[in-house]
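Summary of structural features
Listed below are the residues making up each chain.
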Amino acid sequence: MKKLLFTGGTGFIGRNVIPMLRENFDVHSPGRQELNLKDEIAVREYLSRECFDIVIHSANPNPEKNELDQKNYMLEDSLRIFMNFYAARNCFEKILFLGSGAEYDKTMEICSIHEDQCFRSIPKDIYGFSKYIMNSLASSSRNVYNICLFGCYGPTDHHTKFITHCIRCCLRDEPITIRQDCRFDYYHVYDLARMMIWLIENEPNHHIYNACSGERVLLSEIAEEVKTQMGSRHPIKILKSGLNREYTASNERFVKESGLYPKISLKEGIAMQIEWEKEN
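The sections below set out a description of the structure shown in this document.

The rules behind the values
- Residues numbered from 1 in each chain as written.
- Predicted model: local features only at pLDDT ≥ 70, side-chain atom pairs only at ≥ 80, totals over all residues.
- Heavy atoms only, no water.
- Helix = DSSP H or I, 4+ residues; strand = E, 2+ residues; numbered from the N terminus.
- Rg over C-alpha atoms; globule rule 2.2 N^0.38 Å.
- Buried < 20%, exposed > 50% of the residue type's maximum accessible area, 1.4 Å probe, protein only.
- Contact = heavy atoms within 4.5 Å.
- Expected span 1.5 Å × (residues − 1).
- Polar contact = N/O pair within 3.5 Å; in protein donor to acceptor, adjacent residues only side chain to side chain.
- Axes fitted to C-alpha atoms, helices over the stretch in contact; angles between N-to-C directions.
- Parallel < 35°, antiparallel > 145°, perpendicular 65-115°, else oblique.
- Left-handed = near helix turned anticlockwise from the far one by under 90°.
- Nonpolar A, V, L, I, M, F, W, Y, C, P; charged D, E, K, R; others polar.
- Pairing = 2+ DSSP bridges.
- Salt bridge = Lys/Arg side-chain N within 4 Å of Asp/Glu carboxyl O.

Another aspect to go through is the overall build of the chain. Within the chain one finds nine helices and 14 strands. In terms of C-alpha radius of gyration, the chain reaches 19 Å, essentially the compact-globule figure of 19 Å for 280 residues. For the C-alpha atoms alone, the extent of the chain along its principal axes is close to 60 × 40 × 40 Å. Taking all 280 residues of the chain together, the buried fraction comes to 51%. Sequence separation of 24 or more characterises 79% of the internal contacts of the chain that already satisfy a separation of 6 or more.

For the rest of this paragraph, the subject is helix α4 (residues 126–139). End to end, α4 covers 20 Å across 14 residues, agreeing with the expected 20 Å (1.5 Å per residue, within 8%). Where α4 is concerned, the buried positions are Gly128, Ser130, Lys131, Tyr132, Met134, Asn135 and Ala138. Structurally, α4 contributes buried residues whose contacts are with α3 (74–86), β4 (94–100), β6 (144–149) and β11 (208–211). Measuring from the side-chain oxygen of the N-cap residue of α4 to the backbone nitrogen of tyrosine 127 gives 3.4 Å; that N-cap residue is aspartate 125.

It is worth spelling out the packing of helix α1 (residues 12–21) against helix α6 (residues 189–201) at this point. Two elements in contact, α1 and α6, have axes separated by 9 Å at closest approach and are oriented at 55°. By the criterion of interaxial angle, the relationship of α1 to α6 is oblique. Both α1 and α6 take part in a crossing whose hand is right-handed. Residues Phe12, Ile13, Asn16, Val17, Met20 and Leu21 of α1 touch α6, and the partners they reach there are Val189, Tyr190, Leu192, Ala193, Arg194, Met196, Ile197 and Ile200. When its residues are assigned to classes, the contact of α1 with α6 shows twelve nonpolar, one polar and one charged.

Moving on, we get to the sheet that holds β6. Strand order across the open sheet formed by six strands is β2-β1-β3-β4-β6-β11, with parallel pairing between neighbours. Sheet topology places β2 (26–28) and β11 at the edges, where each strand pairs with a single neighbour. Here the strands of the sheet are splayed against their neighbours by 20° on average, with no regard to which way each runs. Bridge analysis of strand β1 (residues 3–7) against strand β3 (residues 54–57) gives four bridges, and the strand direction is parallel. Along β3, the bridge assignment pairs leucine 4 with isoleucine 54. Against the sheet, α1 touches β1, β2, β3, β4 and β6, its axis set at about 170° to β1.

Counted by the stated rule, this structure contains 15 salt bridges. Among the salt bridges present, the one from lysine 94 reaches glutamate 203, with a minimum N-O distance of 3.9 Å. Of this pair, lysine 94 sits in strand β4 while glutamate 203 sits in the loop between α6 and β11, and the two are 109 residues apart along the sequence. For lysine 94, a relative accessible area of 3% corresponds to the buried category. Given the relative accessible area of 60%, glutamate 203 is considered exposed. Residues aspartate 191 and arginine 194 are paired through a salt bridge, measuring 2.9 Å at the closest nitrogen-oxygen approach. One end of the pair is aspartate 191 and the other is arginine 194, both in helix α6 and three residues apart, which spans about a single turn. Judged by relative accessible area, aspartate 191 falls into the buried class, the value being 2%. With a relative accessible area of 24%, arginine 194 lands in the partly exposed category.

Coordinates in, geometry out; function isn't part of it.
Spelled out as structure tokens, the structure:
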């Protein structure tokens, strides 16, 4: 059984993905108190001692969700953590890290975008820029792979995320509010886990894969689906007219190579998340 290090195990993705990974691998996910990912020496000693086969790097500094992270150091901290693993890349079979659609530069339209366009423009925001740099390093490596994640959702998602927001508005018997409508691509976290397992067990042909459903859906359509499933009679309130920039991607590369299509439809995923929100 392969020994796997998963960083960011207490986050939304880690909480959902790790139980599925543990069905196939020996997964270790140290918390901050056990391992400071920003400490080069501590990381080097930990990796040398534990001898992992695979690293999945999911941790990312986020001041909005953790008070220990500082906004002014987001770029440095993100890159420092990544580089601590990248520098040791020859010690592992593979490093998989979570990229973001933001690396395609969100100041431009991102419409069913393909991985071949990943270097079309340097992102203006710090988050996208850090992921762009990581992808640049991965693309010239032997064994580092970018899982370029778009709108991932599922149980335990943060209250600020759109689908959770819609569900909680209905639970409070309030109208669903949308700042501005736009087309998004939403990908269930359980399908992300299936993607990770395939990338671990196979030899990928490329160093970047979009993690997405390949479907373009309006936020207002998602809100209507939540309303329908929850029996809400309140109207949807869109605060700004027109459409904001699109944020959708093509999953053709991964589907063609792996034969794996997304298993959970948006309708099914919303139903699962409604059930979780009601219970918790």
